[in-house]
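The residues making up each chain are set out below.
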Amino acid sequence: IHTGRSRNDQVLTAVALWTRGALHSLMKASLGLSELFVHRAKSLQTVPMPGYTHMQRAMPMTAGFWLGSFAEGFSPEGAYRHLDGALEANDASCPLGSGSGYGSLVSPDRALAAKLLGFRHGGGNALRVQTARGRVELAVLHACVQLQIECSRFASDVLLFSTEEFGLVSLPASLTTGSSLMPNKRNADVCELLRASLPLATGDLTALIVLQSSLPSGYNRDLQPSKGLLMRSVDRTLE
């Protein structure tokens, strides 16, 4: 029997459960990247390499030192911590029982629902549950941007260091594409596509911020597109 339930709190709960799984996937991917960079950094820890400031050679370093910086970038001390913060916000309270923002005459046991679904508590003010729509999504998209900043910087380094002028990095043919006009050229297109993902993620983050601007208290249909922004950003970041 459909009693004491609203599409509003059911959708909020479904999104929160989906987001929990998505964040766990992003955490696993981030830690996996960190471990991969650590492994590669150790194997190259004595290979000399110039360090740059202002795009000019500055001080000596090693290839391992360079890769080690990205290992930390994807670690719990780096971009990963934003994922951890988003997960904490997502799992704070269970939306079930808040209805459309004003509860219900027949309200479920919110504490029990929270316990069964893995939330820390059953939520407080029902209106606040609705007013806070989009806040967790905002934290997730911010974390996705932080991860992609690390990816973009690495891609930019590889693109620059693999040019003939720099000649510090060599890419296998499997990671490059041929030119349609010049068969002698091999292009690191995968790095350019990786770098191009960041402005798209930043655009989704900006869209979600603007969607939440100037909304009155209570449920507003304006935030329906937020689910698409959330899921697209997660998928793009995992890719």
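Residues numbered from 1 in each chain as written. Predicted model: local features only at pLDDT ≥ 70, side-chain atom pairs only at ≥ 80, totals over all residues. Heavy atoms only, no water.

## Describing the pattern of salt bridges
For step 1, the next point in the chain: The tally for this structure, following the rule as stated, stands at three salt bridges.
For step 2, the next point in the chain: The salt bridge partner of Arg232 is Asp204, with a shortest N-O separation of 2.6 Å. Here the residue Arg232 occupies a position in helix H8 (residues 226-238), and Asp204 occupies one in helix H7 (residues 189-211), the gap between them amounting to 28 residues.
For step 3, the next point in the chain: Residue classification places Arg232 among the partly exposed residues on the basis of a relative accessible area of 43%.
For step 4, the next point in the chain: The class for Asp204 is buried, based on a relative accessible area of 5%.
For step 5, the next point in the chain: One network of salt bridges, in which partners are shared, links Asp204, Arg232 and Arg236. (Salt bridge = Lys/Arg side-chain N within 4 Å of Asp/Glu carboxyl O. Helix = DSSP H or I, 4+ residues; strand = E, 2+ residues; numbered from the N terminus. Buried < 20%, exposed > 50% of the residue type's maximum accessible area, 1.4 Å probe, protein only.)

## With respect to the packing of aromatic side chains
For step 1, the next point in the chain: This structure, assessed with the given rule, holds 10 aromatic pairs.
For step 2, the next point in the chain: Ring plane angle 10° and centroid distance 6.0 Å describe the contact between Phe37 and Phe74, whose orientation is recorded as stacked. Of this pair, Phe37 sits in helix H1 (residues 7-43) while Phe74 sits in the loop between helix H2 (63-73) and helix H3 (80-90), and the two are 37 residues apart along the sequence. The same class applies to Phe37 and to Phe74, which are both buried. (Phe/Tyr/Trp six-rings, centres within 6.5 Å; stacked < 30°, edge-to-face > 60°.)

## Some words on the packing of H2 against helix H6 (residues 135-161)
For step 1, the next point in the chain: In contact at an axis separation of 10 Å, H2 and H6 are set at 165° when each is read in the N-to-C sense. One way to sum up the angle between H2 and H6 is to call them roughly antiparallel. In terms of crossing hand, the pair formed by H2 and H6 is left-handed. Across from Trp66, Leu67, Phe70 and Gly73 in H2, the residues of H6 making contact are Glu150, Arg153, Phe154, Asp157, Val158 and Phe161.
For step 2, the next point in the chain: Taken together, the residues of the contact of H2 with H6 break down into six nonpolar, one polar and three charged. (Axes fitted to C-alpha atoms, helices over the stretch in contact; angles between N-to-C directions. Parallel < 35°, antiparallel > 145°, perpendicular 65-115°, else oblique. Left-handed = near helix turned anticlockwise from the far one by under 90°. Contact = heavy atoms within 4.5 Å. Nonpolar A, V, L, I, M, F, W, Y, C, P; charged D, E, K, R; others polar.)

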